[in-house]
Amino acid sequence: MIAGNPQRSSDCTGGVSPGVAHLLDFDFTSVIEHTVRDVQYTWKNGDPVAIRLDEAQAMWMVRRDRFDALLRDHAIKAGAIIKPATATGAVLGSVEGERRWMVQTDAGSLSAQYAIVADGACSAAINWIGAARPALRLAAMLDVDTSLQRSNLNAPPRVEFGLGQIENGLLWCFPKQATVSIGAATFLGHDDPQLADRLLAYAQARGWHAQRSDIRQRPLTLWSGDHPLHRDQAVIVGDAAGLSDPVTGEGLRPAIDSGLRAAEAIIAALNHQPNALAAYTKTIHQTWGVDFAWASRLAQILYRVPGLAYKVAVKKPIANKLMAQVLCGDLRYSDIAGKAIAKLSKKLLPWG
Ligand SMILES: Cc1cc2nc3c(=O)[nH]c(=O)nc-3n(C[C@H](O)[C@H](O)[C@H](O)COP(=O)(O)OP(=O)(O)OC[C@H]3O[C@@H](n4cnc5c(N)ncnc54)[C@H](O)[C@@H]3O)c2cc1C
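Reference entry: report on the structure contained in this document. Keep in mind that this is a model prediction, so the values were computed, not measured. (Residues numbered from 1 in each chain as written. Predicted model: local features only at pLDDT ≥ 70, side-chain atom pairs only at ≥ 80, totals over all residues.)

## A few points about the environment of Ile-301
Put simply, the test is: Helix and strand assignments follow DSSP, with helices taken as H or I runs no shorter than four residues and strands as E runs no shorter than two, numbered in order from the N terminus. Contacts here follow a simple rule: the backbone-placed C-beta atoms of the two residues must lie within 7 Å.
Position of Ile-301 among the secondary structure elements: in helix α5 (residues 276-304). The residues contacting Ile-301, other than those within four sequence positions of it, are Ala-309, Ile-341 and Leu-344.

## Quick look at helix α3 (residues 195-205)
Cut-off, in case you're wondering: The burial label depends on the number of other C-beta atoms within 10 Å of a residue's C-beta. Counts of 20 or more mean buried, 12 or fewer mean exposed, and intermediate counts mean partly exposed, with C-beta atoms placed from the backbone. Comment: arc refers to directions from the helix axis out to C-beta atoms.
Of all the positions in α3, only Leu-195, Leu-199, Leu-200, Tyr-202 and Ala-203 are classed as buried. Seen along its axis, α3 keeps its buried residues to an arc of 160°; they face one direction. Relative to its buried face, α3 has exposed residues pointing more than 90 degrees away, namely Gln-204 and Ala-205. The elements touched by buried residues of α3 are β12 (137-145), β14 (169-175), β15 (179-186) and β16 (216-220). Just beyond α3, the residue with positive phi is Gly-207, at close to 75°.

## Thoughts on the nonpolar core
We count it as follows: Buried Ala, Val, Leu, Ile, Met, Phe, Trp, Tyr and Cys residues form a nonpolar core when they are connected through C-beta atoms within 7 Å.
In terms of nonpolar packing, the biggest core is built from 94 residues, with Val-117, Val-235, Val-237 and Leu-298 touching the most fellow members. Counting residues per element, this core draws most heavily on α5, at 12 residues. Ignoring any residue separated from it by four or fewer positions in sequence, one finds Val-117 in contact with Ser-123, Ala-125, Ile-126, Ile-129, Ala-234, Ile-236, Val-237 and Ala-240.

## Observations regarding the pairing of strand β9 (residues 98-105)
For clarity, the cut-off: Note on pairing: two strands pair once DSSP finds at least 2 bridges between them.
Two elements, strand β8 (residues 87-95) and β9, share eight bridges in a ladder whose sense is antiparallel. Bridge pairing in β9 places Ser-94 opposite Arg-99. In textbook terms, the turn of a hairpin is the stretch between consecutive antiparallel strands, and for β8 and β9 this stretch comprises two residues, one of which, Glu-96, has a positive phi near 45°. Pairing of β9 with strand β10 (residues 108-112) involves five bridges; the strand directions are antiparallel. Within the sheet, the bridge partner assigned to Thr-105 lies in β10 and is Gly-108. Adjacent in sequence and paired antiparallel, β9 and β10 are bridged by two residues.

## With respect to the site of the ligand
Heads up, the condition is: Only the C-beta atom, placed from the backbone, is used; a residue is near a molecule or strand if that atom lies within 6 Å of it. When residues are sorted by character, Ala, Val, Leu, Ile, Met, Phe, Trp, Tyr, Cys and Pro go into the nonpolar class, Asp, Glu, Lys and Arg into the charged class, and all the rest, Gly among them, into the polar class.
Taken together, 30 residues are adjacent to the ligand, and Ser-10, Gly-120, Gly-238, Gly-251 and Leu-252 come closest. The class makeup of the residues in the shell around the ligand is 11 nonpolar, 13 polar and six charged.

## A word on the pairing of strand β6 (residues 59-62)
In β6, alternate side chains face the same way, and those of Met-59 and Met-61 on one face and Trp-60 and Val-62 on the other are all buried. As defined by bridge partners, strand β2 (residues 15-16) adjoins β6 across two bridges and the pair is classed as antiparallel. Following the sheet pairing, Val-16 is matched in β6 by Trp-60. Both strand β3 (residues 32-36) and β6 contribute to a ladder of four bridges, which runs antiparallel.

## Details of the sheet that holds β2
With antiparallel pairing, the three strands of this open sheet are ordered in space as β2-β6-β3. Both outer strands of the open sheet, β2 and β3, are each paired with one neighbouring strand and no more.

## What to know about the packing of α5 against helix α8 (residues 333-348)
Put simply, the rule is: Here an axis means a line fitted to C-alpha atoms, over the contact stretch when the element is a helix, while the angle between two N-to-C directions is reported on a 0 to 180 degree scale. By definition in this entry, angles of less than 35 degrees are roughly parallel, angles greater than 145 are roughly antiparallel, angles of 65 to 115 are roughly perpendicular, and the rest are oblique. Should the near helix be turned anticlockwise from the far one by less than a right angle, the crossing is left-handed, and should it be turned clockwise, the crossing is right-handed.
Contact geometry for α5 and α8: axes closest at 9 Å, N-to-C directions at 25°. By the angle between their axes, α5 is roughly parallel relative to α8. The hand of the α5/α8 crossing is left-handed. Counted together, Val-290, Asp-291, Trp-294, Ala-295, Arg-297, Leu-298 and Ile-301 of α5 and Tyr-333, Ser-334, Ala-337, Ala-340, Ile-341 and Leu-344 of α8 form the full contact between these two elements. When the residues that make up the contact of α5 with α8 are grouped by side-chain class, the tally is 10 nonpolar, one polar and two charged.

## Details of the environment of Asp-226
Within the secondary structure, Asp-226 is located in the loop between β16 and β17 (230-231). The sequence separation of Asp-226 and Trp-288 amounts to 62 residues, and the corresponding C-alpha distance is 9.5 Å. Sequence-distant contacts of Asp-226, defined by excluding residues within four places in its chain, comprise His-285 and Gly-289.

## Focus: the sheet that holds β16
Pairing is mixed in the open sheet, where seven strands are placed in the order β5-β4-β13-β14-β15-β12-β16. Across the chains shown, the open sheet's two edge strands, defined by having one partner strand only, are β5 (46-52) and β16. Each adjacent strand pair in this sheet contributes to an overall mean axis angle of 20°, direction not counted. Along the sheet, helix α6 (residues 306-314) makes contact with β4 (38-43), β5 and β13 (158-163), crossing β13 at roughly 135°.

## Thoughts on the environment of Leu-110
In this fold, Leu-110 is placed in strand β10. For the pair formed by Leu-110 and Ile-2, sequence separation is 108 residues and the distance between their alpha carbons is 9.7 Å. Excluding residues that lie within four positions of it along the chain, Leu-110 makes contacts with Met-1, Ala-3, Lys-83, Val-103 and Thr-105.

See the structure below:
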């Protein structure tokens, strides 16, 4: 049984790694607005670097409301019961001799032997189960209606990543059928109080009409270290578990992957496998945790000395190719980050 609020879709710029196709065995075509092979990087809004991804690495551009609805429909087909409700509290208690989670919602109470905490970056359920809250960083996003922009009609859709516009951070722009989604966040150090201004400036420089009131500011839970992801009869997934990529902010693929692994752990626990939930924590630490630790080290250099990183990495076709393979799930950060960090560090030395 899933308790969730169907009226509210998550704030997200909707760039999805094609690696998601390997996680779920259904067709996403109906919700993919573009599969994008053209990527442009910029440094301080200039010095563009264009790359073309291989077909298998093309990024999916989706609208979260439609993407989430597809996932929801498949969950229902697979037997899930959706309760449109907002949870307000939960306790683990005894019901007729069995330990169960009792969840209070604005539409009555629910009970289950096992619970999955999947209520996103601002998770309240983390407190209810007594687990550690991941660190939050501020991100901002803006959807701009570009349906009347005739000049771009024949150009292939292109993803843009801007370095040097946000101190210690990144700005990105993802095209949809009738809109573009622009996102920005700092990835290190303090949050940037001017994120909204920077998004507006980016949109206005492209002749897109946008207002400050269109901007949504939301937290990101970039991975910031391993911590236990299970408690008594409960596991934590996705943003509530702090599973977003410290280099790119990608969170959808880890959220789906951790959700699937959490379900497997609960099935194992229901089948009386000892330590099944602890094994979930261990698996996430050994997969995403190991990888994000490498990503985190890479982010420390990329966002601290972005000008150098732009010259030494972004402008090198081989570095771009490797990063594209990481983003589509063909490679892990652990495969590439050691060498990349060594190369960048060497350039930082006076004789490098
Ligand atoms: C500005 C921004 C842009 C982003 N862009 C991208 C991107 O392009 N690509 C990418 O891969 N990742 C992106 N991310 C990250 C991505 O959105 C998240 O990592 C991902 O949505 C995590 O999924 P989740 O299911 O854990 O949480 P969410 O998607 O936040 O889902 C949590 C759900 O729980 C529901 N909920 C919350 N509280 C309750 C409650 N009390 N009762 C019932 N239901 C509740 C919410 O309504 C929501 O539906 C972005 C994040 C931000 C902030």
